[in-house]
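# Descriptive structure summary
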Amino acid sequence: MQNIGLTNRIVQIHLSSWRYFALLTLPPLVLAFNLLYSLQSLLLLILFLTTHYFCWRLWLDERLFTLLDSESDLVLFDAGMSNLWAGKDLTTRSLNERWAGARGLFYRAIYALIALWLVSLFSVIYLFWTLAE
């Protein structure tokens, strides 16, 4: 039997990295506003919003995982969540499934941030390449 409290705290610590992800989106946002009215700007803004959506989800999961201390809390937790998200089914997932979902969300946030920075880098390279001609 694993220590649920310790594992939950480790997950929360990793989920709290949404702050750094959000901060790292600011330089590409500045670049997007400098390239306004271009296709690169549109792509950068879409990736910026996508990354911030994942940051919001990480923030939300970080807060929600503080409410889960044991397996017995899951039924009450799901009942409370169903009051807000009425379309959700009432099947209770285990903590391991929830942790796996949080891990997947964490990786999607990282991939979105990497994609944002790659598009930013290629936009700058393309800008310098076209100005050099």
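That block above? That's the structure.
Read on for an overview of the structure. (Residues numbered from 1 in each chain as written. Predicted model: local features only at pLDDT ≥ 70, side-chain atom pairs only at ≥ 80, totals over all residues. Heavy atoms only, no water.)

### Description of the environment of leucine 49
With respect to the helices and strands, leucine 49 occurs in helix 4 (residues 39-65). Of the residues examined, leucine 49 reaches a relative accessible area of 58% and is grouped as exposed. For the pair leucine 49 and alanine 132, spaced 83 residues apart in the sequence, the C-alpha separation amounts to 31 Å. (Helix = DSSP H or I, 4+ residues; strand = E, 2+ residues; numbered from the N terminus. Buried < 20%, exposed > 50% of the residue type's maximum accessible area, 1.4 Å probe, protein only.)

### Details of helix 1 (residues 4-15)
Taking 1.5 Å as the rise per residue, helix 1 with 12 residues should run 16 Å; its terminal C-alpha atoms sit 16 Å apart, in good agreement. Looking at helix 1, one finds that the buried residues are Ile4, Asn8, Val11, Gln12 and Leu15. Projected down its long axis, helix 1 shows its buried positions confined to an angular sector of 100°, all on one face. Where helix 1 is buried, its residues contact helix 2 (18-24), helix 4 and helix 6 (95-132). (Expected span 1.5 Å × (residues − 1). Arc of directions from axis to C-beta. Contact = heavy atoms within 4.5 Å.)

### Description of the pattern of salt bridges
A side chain of one charge can pair with a side chain of the opposite charge when the charged atoms of the two come close. According to the stated counting rule, one finds 3 salt bridges in the structure shown. The residue arginine 19 makes a salt bridge to glutamate 62 at a minimum N-O spacing of 3.9 Å. Placement of arginine 19 in helix 2 and of glutamate 62 in helix 4 is noted, with a sequence separation of 43 residues between them. Overall, glutamate 62 belongs to the buried group, its relative accessible area being 10%. A salt bridge links arginine 98 to aspartate 78; its shortest N-O distance comes to 2.7 Å. Residue arginine 98 is found in helix 6, and its partner aspartate 78 is found in helix 5 (residues 73-84); the two are separated by 20 residues along the sequence. Taken as a pair, arginine 98 and aspartate 78 share a single burial class, namely buried. Taken together, the salt bridges that share partners define one network made up of Arg19, Glu62 and Arg63. (Salt bridge = Lys/Arg side-chain N within 4 Å of Asp/Glu carboxyl O.)

### Some points on the packing of aromatic side chains
What the rule picks out here adds up to 6 aromatic pairs. Relative to phenylalanine 106, the ring of phenylalanine 21 lies with its centre 5.7 Å away and its plane at 40°, an arrangement referred to as tilted. Of the two residues, phenylalanine 21 sits in helix 2 while phenylalanine 106 sits in helix 6, which places them 85 residues apart along the sequence. Classification of phenylalanine 106 as buried rests on a relative accessible area of 16%. (Phe/Tyr/Trp six-rings, centres within 6.5 Å; stacked < 30°, edge-to-face > 60°.)

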